[in-house]
Amino acid sequence: MFKFIVRRLLVAIGVLFGVSIIIFTLVHMQSGNPYSTMIDPSVPKEVLEEMLRKVGYYDPIHVKYIKWICRAVKGDLGYSIYYGAPVIEVINSRMGNTILLSSFSLIVSMLIAIPSGVISATKKNSIFDYITTIISLIGISIPAFFFGLLLIKWLAFDIKIFPVSGMQTIGEHYQGTAKILDIGRHIILPGIVLAFLQMASFMRYTRSSMLEELNKDYMRTARGKGLTLRKAIWKHGFKNALIPLITILCLQIPFLFSGALLTETIFVWPGIGRLNYEALLHRDYPLLMGLLMIIAVIILLSNLLADILYAVVDPRIRYK
């Protein structure tokens with residue numbers, strides 16, 4: 001396993017190198033001057049051209065890439081044009097907020113979806129099965145921004161239970177438990193949106209995977225030896241049904257960082273998704289490059305995590 005992990009990490013470095021070339025090329029092929037918002041309109045054109053030449057704006061794209069990659073391998077992803085701070089510092093200031101929101105939504109979705117999917121499979125064609133199927137289809141079909149706006153309308157404006165947006169109440173400086181409770185109230189709505197969208201996929205895959213396991217010989221043997229249906233499912237069937245669930249779970253991790261863009265934008269949640277939107281809006285190329293590369297790293301690590309969990313869950317899986 002150790003050799004497998006090392007080999008995969010070495011392959012991931014090569015993949016990251018190729019991804020960085022593609023991303024860098026696509027980002028810097030965009031039209032327009034990203035420094036235009038930073039420059040005083042009264043600056044003479046000659047001075048402006050000299051400033052752009054010093055920052056390497058007119059360098060060939062391969063020269064720009066070599067300069068960037070030489071800094072990136074040292075942990076320097078550049079300087080944010082819009083925020084006027086190192087890219088790493090800007091990303092670090094938002095990363096914790098996204099991890100908090102993502103963890104909350106992931107835990108909620110798994111706690112609801114996995115038991116519901118198992119029960120739906122054991123009670124196939126029952127009323128509960130039909131209800132979960134309808135809910136999962138709605139979750140797969142409904143756009144995140146539309147569902148988010150509905151929750152804001154119902155729970156923030158009509159009933160006024162939860163705050164509309166943000167991560168903390170503006171003008172308040174809570175400390176300790178009060179601060180935790182305030183963040184908790186703000187995380188509910190965006191957390192519900194992300195959890196509902198993930199829950200739909202988890203529920204459908206859990207159901208289909210459990211249905212496949214229920215019809216196998218070892219399950220009938222377990223029942224024939226006197227195990228109740230509940231014990232046979234959770235002791236034997238569920239472990240074998242975890243393989244496809246692990247795949248979906250690890251695929252959801254990158255989505256929580258990159259796919260939360262709409263949710264974080266709607267609820268003004270100061271996370272990586274909203275930061276990605278702001279980088280695009282202001283043509284902040286260094287920040288955009290840093291975000292995309294971090295997301296690429298998360299995707300590669302998620303795939304590696306899935307392979308490791310396969311071997312942990314199923315002892316029959318071995319990597320040579």
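About the cut-offs
- Residues numbered from 1 in each chain as written.
- Predicted model: local features only at pLDDT ≥ 70, side-chain atom pairs only at ≥ 80, totals over all residues.
- Heavy atoms only, no water.
- Axes fitted to C-alpha atoms, helices over the stretch in contact; angles between N-to-C directions.
- Helix = DSSP H or I, 4+ residues; strand = E, 2+ residues; numbered from the N terminus.
- Parallel < 35°, antiparallel > 145°, perpendicular 65-115°, else oblique.
- Left-handed = near helix turned anticlockwise from the far one by under 90°.
- Contact = heavy atoms within 4.5 Å.
- Nonpolar A, V, L, I, M, F, W, Y, C, P; charged D, E, K, R; others polar.
- Phe/Tyr/Trp six-rings, centres within 6.5 Å; stacked < 30°, edge-to-face > 60°.
- Buried < 20%, exposed > 50% of the residue type's maximum accessible area, 1.4 Å probe, protein only.
- Patch = residues over 30% accessible without salt bridge, like charges linked within 9 Å, V, L, I, M, F, W, Y side chains within 5 Å.
- Areas by Shrake-Rupley, 256 points an atom, 1.4 Å probe, with all protein chains shown as cover.
- Salt bridge = Lys/Arg side-chain N within 4 Å of Asp/Glu carboxyl O.
- Core = buried A, V, L, I, M, F, W, Y, C linked by side-chain atoms within 4.5 Å.

Peer 1: Even after reading the chapter, I still don't get the packing of helix α1 (residues 2-28) against helix α3 (residues 61-72), so can you show me in this structure?
Peer 2: Two packed helices can be described by the angle between their axes and the distance between those axes. Look at α1 against α3: their axes get within 11 Å of each other, and the N-to-C directions meet at 130 degrees. As the angle between them shows, α1 and α3 are arranged oblique. With respect to the hand of their crossing, α1 and α3 are arranged in right-handed fashion. Of α3, the residues touching α1 (which contributes F17, S20, I21, F24, T25 and H28) are I61, K64, Y65, W68 and I69. Looking at side-chain class alone, the contact of α1 with α3 contains seven nonpolar, three polar and one charged residues.

Peer 1: Honestly, the side chain of Q198 in this entry has me stumped. Any pointers?
Peer 2: For Q198, the location among the structural elements is in helix α7 (residues 177-214). Discounting residues that sit within four places of it in the chain, Q198 has contacts with S105, L106, S109, Q252, F255 and L256.

Peer 1: How do you make sense of the packing of aromatic side chains when you look at a structure like this?
Peer 2: Geometrically, a pair of aromatic rings is defined through the distance of the ring centres and the angle of the planes. In the structure shown here, the tally under the stated rule is six aromatic pairs. Ring geometry for F24 and W68: centres 6.0 Å apart, planes at 45 degrees, overall tilted. One end of the pair, F24, is in helix α1; the other, W68, is in helix α3, with 44 residues separating them in the sequence. The same class applies to F24 and to W68, which are both buried. Cluster of aromatic residues (ring-pair linked, three or more members): F17, F24, Y65 and W68.

Peer 1: Looking at this structure, how should I read a nonpolar patch on the surface?
Peer 2: A cluster of nonpolar side chains, namely F2, V6, L10 and I13, defines an oily patch on the protein surface of about 440 Å² accessible area. In this fold, F2 is placed in helix α1.

Peer 1: What am I meant to see in the environment of Y205 here?
Peer 2: Mapped onto the elements, Y205 comes out in helix α7. A relative accessible area of 41% places Y205 in the partly exposed class. Distance from Y205 to I131, taken between C-alpha atoms, is 16 Å for residues 74 residues apart in sequence.

Peer 1: Honestly, the nonpolar core in this entry has me stumped. Any pointers?
Peer 2: W68, I91, L275, L287, M289 and L291 are the most contacted members of the largest nonpolar core, which totals 25 residues. Looking at this core, the elements that each hand over two or more residues are α1, α3, α4 (87-122), α11 (272-281) and α12 (285-313). For this core, the element with the most residues is α12, which contributes eight residues. Dropping the residues within four chain positions of it, L291 is found in contact with I91, I272, L275, N276 and A279. Membership of the second largest hydrophobic core comes to 19 residues, among which are L155, A156, V193 and F202.

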